[in-house]
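# Coordinates in review
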Amino acid sequence: MMNSLQSFSKLFGRSNGVILGMVHVQALPGTPRHCMPMPDIIKKACQEAAGYQSAGVDGIMLENMHDIPYLHSHAMGPEVTAAMTAIASQVRRICPTIPCGMQVLTAQKEALAVAMATGLDFIRAEGFVFSHIGDEGLINSCAGELLRYRRNIGAANIKIFTDIKKKHSSHAITADVSIEETAEAAEFFGSDGVIVTGTATGQPAKVEDLQDVQGAVNIPVLIGSGVNTDNVDRYLGASALIVGSHFKHGGQWLNDVDFGKVDDFMTKVNTFRQSGNSVSR
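This report concerns the structure included in the present document. (Residues numbered from 1 in each chain as written. Predicted model: local features only at pLDDT ≥ 70, side-chain atom pairs only at ≥ 80, totals over all residues. Heavy atoms only, no water.)

## Points about the packing of aromatic side chains
- Under the defined criterion, the tally for this structure stands at eight aromatic pairs.
- An angle of 70° between the planes, with centres 5.6 Å apart, marks the rings of Y52 and F259 as edge-to-face. In this pair, Y52 sits in helix α2 (residues 38-55) while F259 sits in helix α8 (residues 259-275), placing the two residues 207 residues apart along the sequence.
- You can call Y52 buried: its relative accessible area is 0%.
- Connected via pairs of aromatic rings, a cluster forms that spans F8, F12, F122 and F161. (Phe/Tyr/Trp six-rings, centres within 6.5 Å; stacked < 30°, edge-to-face > 60°. Helix = DSSP H or I, 4+ residues; strand = E, 2+ residues; numbered from the N terminus. Buried < 20%, exposed > 50% of the residue type's maximum accessible area, 1.4 Å probe, protein only.)

Now the structure itself:
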């Protein structure tokens, strides 16, 4: 059986410096900012996914980022899961081979169900171990329930990448638990990879945090915020870089994707790759 690092490398075709482009799906039916008909939401998501694929990113992730304010999963209606399933199925149809993932804020089981139904490869999950206070309220550990659910629905092939010391959150209740200890707990509880972020969307992660976490675990370590063309060289030693805000017009996540910026970013990444400056763990 392959370990997490080997499995990651098999999925993405490389062990480090994987670039994941974010598709921030427009506000879905039932959410306060919803204004676009579903066929148009699907079309826009597909256009962005196809654009990322053409630009040469290594993977794509869909997220219901515009569904502000976010809900706990127990309060979220089935329309969100249904809508994300419809979107993901069409994205997978036009991008059948590129690795593709799903995040449903803050609904981990729902994300896993969508991924299973539409043939996606991974999800991003928050609150996997310990607890924190997010802007949605208290987020508790979901590892036990989520991994049992994954087994029960026959989705063991879908990887679960998990945030640790997540952005947009207070971690005062676990202030005596370091980021390394949090990563170790996530590994112990079966995470397929941990995600290190800055304090907010678009804010860079500390390079020291990346290095400390890489030294503490033997699973993939991803960067989940703040990567841009100017600092990408600092993070290429991570297993993957999730890039959203930087790829948007004006560097703002709520804007449309600027594929000129994506092309420039990938040109720089490929230059580093060809020169051998992307250091493997």
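## Focus: the side chain of D258
- Within the element layout of this structure, D258 appears in the loop between β11 (240-243) and α8.
- The side chain of D258 sits in the buried core without any salt bridge; K261 is the nearest counter-charge, 5.5 Å away.
- Setting aside anything within four residues of it in sequence, one finds D258 in contact with F247, K248 and H249. (Lys, Arg positive; Asp, Glu negative; His and termini not counted. Salt bridge = Lys/Arg side-chain N within 4 Å of Asp/Glu carboxyl O. Contact = heavy atoms within 4.5 Å.)

## Quick notes on the pairing of β11
- The alternating pattern of β11 places A240 and I242 on one face and L241 and V243 on the opposite face, and all of these are buried.
- In this sheet, β11 lies alongside strand β1 (residues 18-24) in parallel orientation, the contact comprising four bridges. Residue V18 lies in a different strand from β11, and its bridge partner there is A240.
- Bridge count between strand β10 (residues 221-223) and β11: two bridges; the pairing is parallel. Bridge pairing links I223 to L241 in β11. (Pairing = 2+ DSSP bridges.)

By themselves, these figures tell us nothing about what the structure is for.
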